[in-house]
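# Secondary and tertiary structure notes
Here is how the chains run, residue by residue.
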Amino acid sequence: MALFKHESMYYNQSAKLAIYAEGEFGKSSKTAEGVIRYGKNPVVAVIDSRYSGKTVRDVTNIQSDVPIVGSVSDSLALLPDALLLGSAWNGGELPAHWRPDILTAIASGLDIINGLHDFLADDAEISSAAKKHESKLLDVRRPPDHLPIASCLLYTSDAADE
């Protein structure tokens, strides 16, 4: 079932990730590189056709032998559970040329972890595909419902009065 704005944005930390950084790995892929360096989820592949056949170590100074593959389809042989969008464009918008790859990932049963400013759950085509294929869409920049706005009031608790 697709994950929409009213559901939790947290993801299983043992789920295997394929990181999508097409055309960007090693130059503007700080999300990808941060997850490889510090993330808890195992990374099974980075997707960037420019470096297909190399490893993360070959392209960056990160000590990781994660393979770089040429496409989402190529990453499927490494059995990822989710596709993490690993770079952000100016303005955080979803690049049009990413859409077919995201739809391929969804059709292949992968969940999508999205840090862009555009929420995939609000995109009719992507959301419909996720429902059809029972993939989760995790829009990690979406604030939780009922998040209070700053009011400049001092927080008080009834417990403090006891």
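Residues numbered from 1 in each chain as written. Predicted model: local features only at pLDDT ≥ 70, side-chain atom pairs only at ≥ 80, totals over all residues. Heavy atoms only, no water.

A separate point is the pattern of salt bridges. Inspection of every chain in the model, using the stated rule, returns five salt bridges. Residues D48 and R50 are paired through a salt bridge, measuring 2.9 Å at the closest nitrogen-oxygen approach. The class for R50 is partly exposed, based on a relative accessible area of 39%. Between R99 and E125 there is a salt bridge, and its shortest N-O distance comes to 3.0 Å. Of this pair, R99 sits in helix 4 (residues 99–107) while E125 sits in helix 5 (residues 124–133), and the two are 26 residues apart along the sequence. By relative accessible area, E125 is classed as partly exposed at 42%. The network of salt bridges with common partners includes R99, D123 and E125. (Salt bridge = Lys/Arg side-chain N within 4 Å of Asp/Glu carboxyl O. Buried < 20%, exposed > 50% of the residue type's maximum accessible area, 1.4 Å probe, protein only. Helix = DSSP H or I, 4+ residues; strand = E, 2+ residues; numbered from the N terminus.)

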